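One letter stands for each residue in the lines below.
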Amino acid sequence: MRSFLRNAIILPVLVSGAMTAGNSWAAEPTLGPVVPNFGPVMAPPAGSFNLDPDVHYKVSMDMYTTPDFPGDQNRHLTSAARFLNMHARNGIPAENIEFALIVHGKAAKDLLTDEAYEERYNEANPNTPLLEELHAANVPIYLCSQTAAFRGMAPEEFSPTVTMSLSAMTAHVRLQQEGYTLVPF
């Protein structure tokens with residue numbers, strides 16, 4: 001019984017101390033520099049495992065889910081911005097990372113122009129500013145043409161930041177052959 005009481009008192013103190021110590025390095029999220037207005041980044045603890053700043057990386061990410069509510073931004077687009085920003089903020093030159101997005105499934109709606117999005121959801125596409133900043137950061141966005149066709153979306157309904165691909169599978173195979181590493185989430 002005594003050990004239970006001691007643990008009941010000590011454990012909350014230890015957890016509280018660990019949370020305080022753990023947050024001392026975190027501070028507030030920052031934006032940029034690669035994608036200036038999106039992709040908030042927290043500072044890592046000193047000595048965190050990171051990419052090698054002298055290596056050129058090719059990275060791709062698969063995007064197939066969409067938010068539950070039409071007015072919400074797609075978190076995968078935000079994650080792409082975060083990936084670029086966090087590495088640039090932590091010593092990896094922006095020119096050492098080539099990043100590509102492959103989009104299919106329900107996420108296709110998040111690439112629509114404001115006009116096409118508004119026709120379907122009665123509001124402008126909340127992803128448009130982020131798509132434009134990713135484009136300015138030289139991030140190619142490949143959309144599965146099979147998805148678009150099966151979902152009744154015409155090529156001209158998509159943001160000019162988007163490149164149609166024969167399929168998402170095709171884009172993955174080609175990028176893998178070109179040396180891209182797929183981020184597994």
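Basis of the calculations
Residues numbered from 1 in each chain as written. Predicted model: local features only at pLDDT ≥ 70, side-chain atom pairs only at ≥ 80, totals over all residues. Heavy atoms only, no water. Phe/Tyr/Trp six-rings, centres within 6.5 Å; stacked < 30°, edge-to-face > 60°. Helix = DSSP H or I, 4+ residues; strand = E, 2+ residues; numbered from the N terminus. Lys NZ or Arg CZ within 6 Å of the ring centre and 35° of its normal. Patch = residues over 30% accessible without salt bridge, like charges linked within 9 Å, V, L, I, M, F, W, Y side chains within 5 Å. Areas by Shrake-Rupley, 256 points an atom, 1.4 Å probe, with all protein chains shown as cover. Salt bridge = Lys/Arg side-chain N within 4 Å of Asp/Glu carboxyl O. Lys, Arg positive; Asp, Glu negative; His and termini not counted. Charge placed at Lys NZ, Arg CZ, Asp CG, Glu CD. Core = buried A, V, L, I, M, F, W, Y, C linked by side-chain atoms within 4.5 Å. Buried < 20%, exposed > 50% of the residue type's maximum accessible area, 1.4 Å probe, protein only. Contact = heavy atoms within 4.5 Å. Pairing = 2+ DSSP bridges. Axes fitted to C-alpha atoms, helices over the stretch in contact; angles between N-to-C directions. Left-handed = near helix turned anticlockwise from the far one by under 90°.

Colleague: Please set out the packing of aromatic side chains residue by residue, giving values where relevant.
Modeller: Scanning the entire structure with this criterion turns up 2 aromatic pairs. Ring centres 5.3 Å apart and planes at 40° place the aromatic pair Phe-83 and Phe-99 in the tilted group. Within this pair, whereas Phe-83 is found in helix H2 (residues 75–89), its partner Phe-99 is found in strand E2 (residues 97–103), the two being separated by 16 residues in sequence. Ring centres 4.7 Å apart and planes at 45° place the aromatic pair Tyr-117 and Tyr-121 in the tilted group. With Tyr-117 and Tyr-121 both in helix H3 (residues 114–121), this residue pair falls 4 residues apart, about one helical turn. Cation over ring: Lys-109 sits above Tyr-121, and NZ or CZ is 5.4 Å from the ring centre.

Colleague: Could you give an account of a negative patch on the surface, naming the residues involved and the relevant values?
Modeller: The grouping of Asp-68, Asp-72, Glu-115, Glu-118 and Glu-123 at the surface amounts to a negative patch. Turning to its location among the elements, Asp-68 is positioned in the loop between strand E1 (57–63) and H2.

Colleague: Explain the nonpolar core to me, and be specific about the residues and the numbers.
Modeller: Within the largest apolar cluster, 33 residues are counted, with the highest numbers of intra-cluster contacts made by Phe-99, Leu-101, Leu-111, Leu-134, Leu-143 and Phe-158. Of all the elements, H2 adds the most residues to this core, at 5 residues. If near-sequence neighbours (up to four positions away) are discounted, Phe-158 is found in contact with Ala-108, Leu-111, Leu-112, Thr-113, Leu-143, Ala-148, Met-153 and Met-164. Ile-102, Ala-168, Leu-175 and Tyr-180 belong to the second largest nonpolar core, which has 7 residues in total.

Colleague: Provide a residue-level description of unusual backbone geometry, including the pertinent values.
Modeller: In the segment running from Gly-32 into Pro-33, the intervening peptide bond is cis, with an omega of 15°. Mapped onto the elements of the fold, Pro-33 is located in the loop between helix H1 (2–23) and E1. Look at Asn-122: it is not a glycine, yet its phi comes out positive at around 60°. Note on Asn-122: relative accessible area 69%, which makes it exposed. Its identity is not glycine, yet Asn-138 carries a phi of approximately 65°, on the positive side. Accessibility expressed as a relative area gives 67% for Asn-138, which makes it exposed.

Colleague: Explain the sheet that holds strand E4 (residues 162–165) to me, using residue names and the numbers behind them.
Modeller: Adjacent strands of a sheet pair through backbone hydrogen bonds, lying either parallel or antiparallel. Strand order in the open sheet formed by 5 strands is E4-E3-E2-E1-E5, with parallel pairing between adjacent strands. Either end of the sheet is taken by a strand with one partner, and the two such strands are E4 and strand E5 (181–183). The mean inter-strand angle of the sheet, taken between neighbouring strand axes irrespective of direction, is 30°.

Colleague: Lay out the packing of H2 against helix H4 (residues 128–136) with the relevant residues and their values.
Modeller: Following both chains from N to C, one finds H2 and H4 inclined at 35°, their axes separated by 10 Å at the closest point. At the point where H2 passes H4, the crossing takes the left-handed sense. Where H2 approaches H4, its residues Leu-77, Thr-78, Ala-80, Ala-81 and Leu-84 are matched on the opposing element by Leu-130, Leu-131 and Leu-134.

Colleague: An account of the environment of Val-139 is needed here, citing residue identities and associated values.
Modeller: As for its position among the elements, Val-139 is in the loop between H4 and strand E3 (141–144). Residue Val-139 is classed as buried on the basis of its relative accessible area of 3%. Look past the residues within four positions of Val-139 in its chain and what remains in contact with it is Leu-84, Phe-99, Ala-100, Leu-101 and Leu-134.

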